Amino acid sequence: MTAGPLAGLRVLEVGHILAGPFATMLLADLGAEVTKVEPPGGDLSRQVGDAYFASINRNKRSICLDLGSEQGRAELGKLAADAHALLVNLKPSVIRRLGLTYDSMRRFNERIVCVAVTGYGLDGGDDPAFDYVIQAATGVAALTGDPEGPPTLPGYSSVDNSAALTAALGLLAQIVSGRGGQVDVALRDVMLAQLNYRAAAYLNDGVEPRRMPNGAHSYYVPAQLFPTAEGHLALFVTHDGFWKSFAAEAGIDGFPTMAERAARREEVLAAVTRALAADTARGWEVRLRPLGVPAAAVRTLPEALDATPEMVVRAGDFRLVAGPVRIAGHEPEYRPPPRLGEHGSLVVDGD
């Protein structure tokens with residue numbers, strides 16, 4: 001087995017809760033040496049719970065520094081001199097006050113890459129920007145849920161997780177460039193970018209996005225959740241070949257083209273709903289999968305984890321979901337999250 005593809009990459013993390021720590025954990029899973037720089041009280045996520053903290057902080061080192069002191073900032077500078085990148089998720093004013101931008105850090109290391117994960121960008125101010133707030137502010141919540149009901153939020157932190165992936169990509173992209181510099185990732189911008197085709201339809205064709213019943217896709221028909229004899233089925237028919245196979249199995253005649261199915265949406269949905277009532281969601285999944293038709297029974301998270309034991313790994317005393325990137329010849333090592341200050345501590349106030 002080879003070393004991880006990011007072996008030798010040294011990354012500093014100054015942040016808390018989810019977006020920043022998840023970004024650096026993804027890098028650590030791939031072999032990067034990630035040093036988590038924590039304040040005297042530790043990352044706030046330690047207060048949420050041990051399993052929560054472990055889920056976004058395995059494979060890291062922890063150094064406790066008081067960055068509010070000159071000594072703490074000087075110690076961070078020493079670490080930065082030998083690091084490839086520094087990733088921070090704090091308010092812009094705090095990032096600047098603590099000297100965590102590239103303009104401030106370059107005196108320690110001209111080639112360091114500094115990544116700031118904030119709500120609205122480094123120049124966007126300090127307005128609160130938590131996950132649910134950004135979902136509301138960018139149109140995500142307005143697009144989620146039943147059209148006859150209130151806006152709804154997904155059951156997980158979609159904004160923070162998406163920003164983490166974006167930040168990890170930005171960090172690696174700037175490192176590949178061979179230059180130091182500032183990378184600016186805003187939670188708001190990440191979510192607007194993820195609304196790509198919805199935004200394009202409005203900007204170019206004036207089509208205002210709207211919520212669809214059962215999470216229906218705005219273009220493809222049928223592509224949504226359907227009730228069955230038992231449970232719900234996600235069916236995602238994106239082209240005529242899928243429809244032909246599904247319709248034959250379900251005993252539905254007509255609607256052969258995507259254009260016709262879109263134009264006659266309600267008729268198609270009624271016909272599909274009647275047909276799917278003849279079997280359970282699991283039954284349809286078993287029948288449709290060999291035909292190549294995209295379909296899955298709606299499962300709970302425990303059911304999904306039970307069905308994919310290969311995605312559950314052990315990191316010390318914790319059972320966690322494995323990293324999503326698989327590299328041929330590399331078997332990731334999953335180490336437990338660090339104890340606060342396990343790898344060093346310099347706390348000026350309250351030693």
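Residues numbered from 1 in each chain as written. Predicted model: local features only at pLDDT ≥ 70, side-chain atom pairs only at ≥ 80, totals over all residues. Heavy atoms only, no water.

**Student:** Got a sec to walk through the packing of aromatic side chains? Specific residues and values, please.
**Tutor:** Under the counting rule described, the total for this entry stands at five aromatic pairs. Taken together, a centroid distance of 6.0 Å and an interplanar angle of 50° make the contact between Tyr197 and Tyr219 tilted. Of this pair, Tyr197 sits in helix α10 (residues 196-205) while Tyr219 sits in the loop between α10 and β7 (223-227), and the two are 22 residues apart along the sequence. Using a relative accessible area of 39% as the deciding quantity, one classes Tyr197 as partly exposed. Accessibility expressed as a relative area gives 43% for Tyr219, which makes it partly exposed. Relative to Phe246, the ring of Trp243 has its centre 5.8 Å away and its plane inclined at 50°; by these criteria the two rings are tilted. Of this pair, Trp243 and Phe246 both sit in helix α11 (residues 240-250), three residues apart, roughly one helical turn. Taken individually, Trp243 and Phe246 each receive the classification buried, so the pair is uniform in this respect. Taken together, the aromatic side chains of Trp243, Phe246, Phe255 and Trp284 make up a single cluster linked through ring pairs. (Phe/Tyr/Trp six-rings, centres within 6.5 Å; stacked < 30°, edge-to-face > 60°. Helix = DSSP H or I, 4+ residues; strand = E, 2+ residues; numbered from the N terminus. Buried < 20%, exposed > 50% of the residue type's maximum accessible area, 1.4 Å probe, protein only.)

**Student:** Describe the nonpolar core, and please don't skip the residues or the numbers.
**Tutor:** Counting 36 residues, the largest nonpolar core has Val115 and Val117 as its most contacted members. Looking at this core, the elements that each hand over two or more residues are α1 (19-29), β4 (85-88), β5 (113-118), α8 (158-177), β6 (181-186) and α9 (187-194). Top contributing element to this core by residue count: α1, with seven residues. Discounting chain neighbours no more than four positions away, the residues touching Val115 are Leu86, Leu87, Val88, Ala167, Leu171, Gln182 and Val183. Residues Val221, Phe226, Val268 and Ala297 belong to the second largest nonpolar core, which totals 23 residues. (Core = buried A, V, L, I, M, F, W, Y, C linked by side-chain atoms within 4.5 Å. Contact = heavy atoms within 4.5 Å.)

**Student:** Lay out the pattern of salt bridges with the relevant residues and their values.
**Tutor:** Side chains that carry opposite charge are capable of pairing whenever their charged atoms lie near each other. Following the criterion strictly, the structure yields 20 salt bridges and no others. Here Lys78 makes a salt bridge to Glu75, at a shortest N to O gap of 3.8 Å. Note that Lys78 and Glu75 are positioned in helix α4 (residues 70-81) at a spacing of three residues, about one turn of the helix. For Lys78, a relative accessible area of 58% gives the class exposed. (Salt bridge = Lys/Arg side-chain N within 4 Å of Asp/Glu carboxyl O.)

**Student:** Tell me about the side chain of Asp43, residues and numbers included.
**Tutor:** Within the secondary structure layout, Asp43 lies in the loop between β2 (33-38) and α2 (45-48). Excluding anything up to four places from it in sequence, Asp43 contacts Gly15, His16, Ile17, Pro21, Lys36, Glu38, Phe53 and Asn57.

**Student:** Could you give me a rundown of the packing of α1 against α8, with the residues and numbers involved?
**Tutor:** Running from N to C, α1 and α8 cross one another at 50°; their axes reach a closest spacing of 8 Å. As far as their axial angle goes, α8 and α1 are oblique. Crossing handedness for the pair α1 and α8: right-handed. Packed against α1, whose contacting residues are Ala19, Phe22, Ala23, Leu26 and Leu27, the element α8 presents Asp160, Asn161, Ala163, Ala164, Leu165, Ala167, Ala168, Leu171 and Leu172 at the interface. (Axes fitted to C-alpha atoms, helices over the stretch in contact; angles between N-to-C directions. Parallel < 35°, antiparallel > 145°, perpendicular 65-115°, else oblique. Left-handed = near helix turned anticlockwise from the far one by under 90°.)

**Student:** Describe in detail the environment of Glu331, supporting the description with residues and values.
**Tutor:** Looking at where Glu331 falls in the secondary structure, it is placed in the loop between β11 (318-321) and β12 (345-346). Judged by relative accessible area, which is 57%, Glu331 ranks as exposed. As for Glu331 and Thr2, which are separated by 329 residues in sequence, their C-alpha atoms are 7.9 Å apart.

**Student:** Go over unusual backbone geometry with me, naming the residues and quoting the values.
**Tutor:** Residue Pro222 is reached from Val221 by a cis peptide bond, and omega for that bond is -5°. By secondary structure assignment, the location of Pro222 is in the loop between α10 and β7. Backbone geometry places Ile17, a non-glycine residue, at a positive phi of 60°. Ile17 gets classed as partly exposed once you look at its relative accessible area, which sits at 23%. Of note, Asn59 is a non-glycine position whose phi angle comes to about 65°, a positive value. Tracing the sequence through the fold places Asn59 in the loop between α3 (50-55) and β3 (60-65).

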